[in-house]
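# Architecture at a glance
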There are 2 protein chains.
Amino acid sequence: VQRVFTQLSVSLDGYLAGPGDGPGNPLGDGGEQLHEWVVELASWRAGHGMSGGRTGPSDDLVAEWIARAGATVMGRRMFDAGEAPWGEEPPFRHPVFVVTHRARDPLARRGGTTFTFVTEGVERALELARAAAGDRDVAVAGGADVVQQLLAAGLLDELEIALVPVLLGGGVRLLDRPELSGVRLALDRAIDAPGVTHLRYVRRAR
Amino acid sequence: VQRVFTQLSVSLDGYLAGPGDGPGNPLGDGGEQLHEWVVELASWRAGHGMSGGRTGPSDDLVAEWIARAGATVMGRRMFDAGEAPWGEEPPFRHPVFVVTHRARDPLARRGGTTFTFVTEGVERALELARAAAGDRDVAVAGGADVVQQLLAAGLLDELEIALVPVLLGGGVRLLDRPELSGVRLALDRAIDAPGVTHLRYVRRAR
């Protein structure tokens, strides 16, 4: 059965990005600490066209996420922040659906990544991603708005948090919506790895 | 070496209590879900003068916290909420130091619990608790204000979070202070138990 999953690095105080995030500072002050655990991994480096890197439990997880995703949904701010650094051959290598208010022609990149801009909302973007993913799963890349909308609508099957033991003191919170009240999850898997704890939650009935 | 530790039940979205908390509703709306895992445990029941209850990894942890604490520090709102329900024989059975702006005579209860009201701030309350605890450790019972002040001051050695897989959508956050920015911790122990994941973090140099 096709699953909709998200995997996000979060500080212990609940932030996806630090204070002062915006164009030119997409991770906010201190936010790069949330990704220290991932950028040295062999699987992450391979996805970005680099060789070498560390192996271990986090590397196994990243490889698993890459392998299972047949399409990705993301918000417009994430796309805007990534467009330049991802360059001509972005690491997705599958169809990506960007939730936005601004219509734009699809963008085909090398290596199998296509960006389709969806102006009919997050649920429509998910529908398109489900169809595009075929028998693989759908990854939700973020940001917080997209994840929270899907979670509140009961459309997110798995929420995997990479909990990083640092406090950012402010920024963009992953979970801060009143409409999330009453969402119940169940811990499905906990993996302790260097510099990060991976906690996978699955959806339960309210 | 004497350690200062805190153990708090927190929702996955980071709340110690749900929305609408206040006198008469100390846990806020839905906040009782954060404590479902604890109130059935044998060790918790024994501390409250009841027999029976569940055993297992959470029960072992609660027994450990009770055994190691020689004194407790808590905020005034927690005391106010607890004073009536704790009754004539509160579960602490050791000296408790309440951080408050209102001077009040000490209160001695049955079973070894004494409440001392400290108007000189949280660091003074901790100093008194350290002396009172002797060769045992000091527990910080909460609330969020007290924990965050000690964490920011580098005076909390261990932060143990009982992460409950429910979203409250609002309420009192455990960690929401700008002055916490840059605090780095390290995961010391992760224990997955029914309905809760226990994550113990220890302080690292900034």
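The paragraphs below set out a description of the structure included in this document. These numbers were taken from a predicted model, which means no experiment stands behind them.

## Details of the pairing of strand E1 (residues 4–11) of chain A
All names here are of chain A. Counting buried residues in E1 gives eight out of eight residues, a clear majority hidden from the surface. Burial along E1 is two-sided: Val4, Thr6, Leu8 and Val10 facing one way and Phe5, Gln7, Ser9 and Ser11 facing the other are all buried. Here E1 runs beside strand E8 (residues 158–164); their pairing, made up of seven bridges, is parallel. Paired with leucine 8 across the bridge in E8 is isoleucine 161.

## Brief notes about the interface of chain B and chain A
Counting from both sides, the interface comprises 31 residues of chain B and, opposite them, 31 residues of chain A. Regarding the contact of chain B and chain A, the summed buried area is about 2,400 Å², with carbon and sulfur atoms giving 59% of it. A per-residue breakdown of the area chain B buries against chain A is headed by B:Leu12, B:Pro165 and B:Leu167, which together make up 24% of the total. On the surface where chain B and chain A come into contact, there are two salt bridges. Between B:Arg184 and A:Glu36 there is a salt bridge whose closest N-O contact spans 3.5 Å. Counting across the interface, chain B meets chain A through 10 residue pairs in polar contact (both at pLDDT 80 or more).

## With respect to the sheet that holds E8(A)
Residue and element names in this part refer to chain A. Strand order in the open sheet made by the nine strands is E5-E6-E4-E3-E7-E1-E8-E11-E10, with mixed pairing throughout. Only two strands of the sheet have a single neighbouring strand rather than two, namely strand E5 (107–108) and strand E10 (185–193). In this structure, strand E3 (residues 69–75) lies alongside strand E7 (residues 137–142), joined through five bridges in parallel fashion. Across the sheet, residue alanine 69 finds its bridge partner in E7, namely aspartate 137.

## Regarding the pattern of salt bridges
Residue and element names in this part refer to chain A. Tallied over the full model, the rule gives 38 salt bridges over all chains. Among the ionic pairs, arginine 76 bridges to aspartate 80, the shortest N-O distance being 2.6 Å. Pair noted here: arginine 76 and aspartate 80 are both in helix H4 (residues 76–86), with a separation of four residues, about one helical turn. A salt bridge links arginine 200 to glutamate 158; the nearest nitrogen and oxygen atoms lie 3.8 Å apart. Of this pair, arginine 200 sits in strand E11 (residues 196–203) while glutamate 158 sits in strand E8, and the two are 42 residues apart along the sequence. Here arginine 200 and glutamate 158 have matching classes, each one buried.

Conventions and cut-offs
- Residues numbered from 1 in each chain as written.
- Chains lettered and ligands numbered in written order.
- Predicted model: local features only at pLDDT ≥ 70, side-chain atom pairs only at ≥ 80, totals over all residues.
- Heavy atoms only, no water.
- Buried < 20%, exposed > 50% of the residue type's maximum accessible area, 1.4 Å probe, protein only.
- Helix = DSSP H or I, 4+ residues; strand = E, 2+ residues; numbered from the N terminus.
- Pairing = 2+ DSSP bridges.
- Contact = heavy atoms within 4.5 Å.
- Buried area = accessible area lost by both parts, 1.4 Å probe.
- Salt bridge = Lys/Arg side-chain N within 4 Å of Asp/Glu carboxyl O.
- Polar contact = N/O pair within 3.5 Å; in protein donor to acceptor, adjacent residues only side chain to side chain.

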